[in-house]
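Summary of the model geometry
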Amino acid sequence: MKKRILSLIFAILLLIPCLTLNVSADTCDISLWDDLKTLRHNGALYTRFDASLTEWEYDCSYNGVTYDIDEVKYVDYNLSVNDVIIEADIYLKDGTSIHASFINENYLEEHNTISNNPAFYEIEFEYANTHTVAVSSQHFNGNKTTVDVDEIRYSEYFSVNTHCADDSFYVKKGILALIDDEYYYVSYTENNCNTTIDLWHVKEQVLTAHKITDTETINRLNTVYDEYDFDSSSIFESDLTNGFGIVLLCIAFGLIPLAALIIFLMLSIRAKAPAYKKMFRAIWITSAAELFVFAVTVILIVMFS
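Our subject in this report is the structure included herewith. (Residues numbered from 1 in each chain as written. Predicted model: local features only at pLDDT ≥ 70, side-chain atom pairs only at ≥ 80, totals over all residues. Heavy atoms only, no water.)

**Points about the packing of aromatic side chains**
Applying the stated criterion across every chain yields a total of 11 aromatic pairs. Here the aromatic rings of W56 and Y58 are separated by 6.2 Å at their centres, their planes lie at 75 degrees, and the arrangement is edge-to-face. The exposure class of Y58 is partly exposed, given its relative accessible area of 46%. Measuring from ring centre to ring centre gives 5.8 Å for F264 and F280, while their planes differ by 45 degrees; the resulting arrangement is tilted. Here F264 is found in helix 6 (residues 243-270), whereas its partner F280 is found in helix 7 (residues 274-304), with 16 residues between them in sequence. Classification of F264 by relative accessible area gives partly exposed; the value is 23%. (Phe/Tyr/Trp six-rings, centres within 6.5 Å; stacked < 30°, edge-to-face > 60°. Buried < 20%, exposed > 50% of the residue type's maximum accessible area, 1.4 Å probe, protein only. Helix = DSSP H or I, 4+ residues; strand = E, 2+ residues; numbered from the N terminus.)

Below, the structure written as structure tokens:
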């Protein structure tokens, strides 16, 4: 009986990957134009667009869709939530492929607006909770200056985005860096980047930035930052570092590795066979290293909490 139950559980686990939202090509109703720049889906037109700074969530996909187009072998599609954006990998008969993104034409104007001329930027202070503040874009696009790449790299910085009205997608605008208690907005577009990682690998040592000088905006940012800072420091004041939690941490990362260190050090000394001696030595050295890291971590927590 137990074997049957285990077999049933194993079979269910094997079936889980088959229950994803991938849809067969036979049920796909996406029409692809010959110029590979336009789609039709559910009666709506989709236009190819630059999605290098646009983010969205996937909902379902169609794989291996074929068309009566001379140069196209097949197409794989990924559809966003609400079918607003369709991502396509177009495989051509000459062995090459095209990766393209298409947006519902009803959203195209809104995408262009929040990409090029948004009314507000949304800054996300993320740690234990996400604190978001919307700031007028005019306060982020003045006071142009430059900042050193290393200054930003080692500062606290937060994502700056613009969201469409129904949150079907958002556009990454850049980061807000806090350097010496002053805020600087660094735009991806101005610095020819698509991600924060790109910012750290630019050839120039300095980046174009905009210093935030509006007093009301600075006060709003400081208020939200204080909430973020409280969340980020609260982990050191949680139950994990008090009472029963700290006992568990000491047992797991202190006493057990210490016991392993002592036991396997003695076994390593007494072992006759070289293979056992080598294995025991590796275990007690690993335990010693873990104890060192644990001790340093405890010291740092005490110093900065």
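After that view, the rundown keeps rolling.
**Remarks on the environment of I85**
Within the fold, I85 resides in strand 8 (residues 85-92). Of the residues examined, I85 reaches a relative accessible area of 0% and is grouped as buried. A sequence separation of 22 residues divides I85 from Y107, and the C-alpha atoms of the two residues are 9.1 Å apart. Other than its neighbours up to four places away in sequence, I85 contacts F49, T54, W56, N78, L79, S80, F102, I103 and F169. (Contact = heavy atoms within 4.5 Å.)

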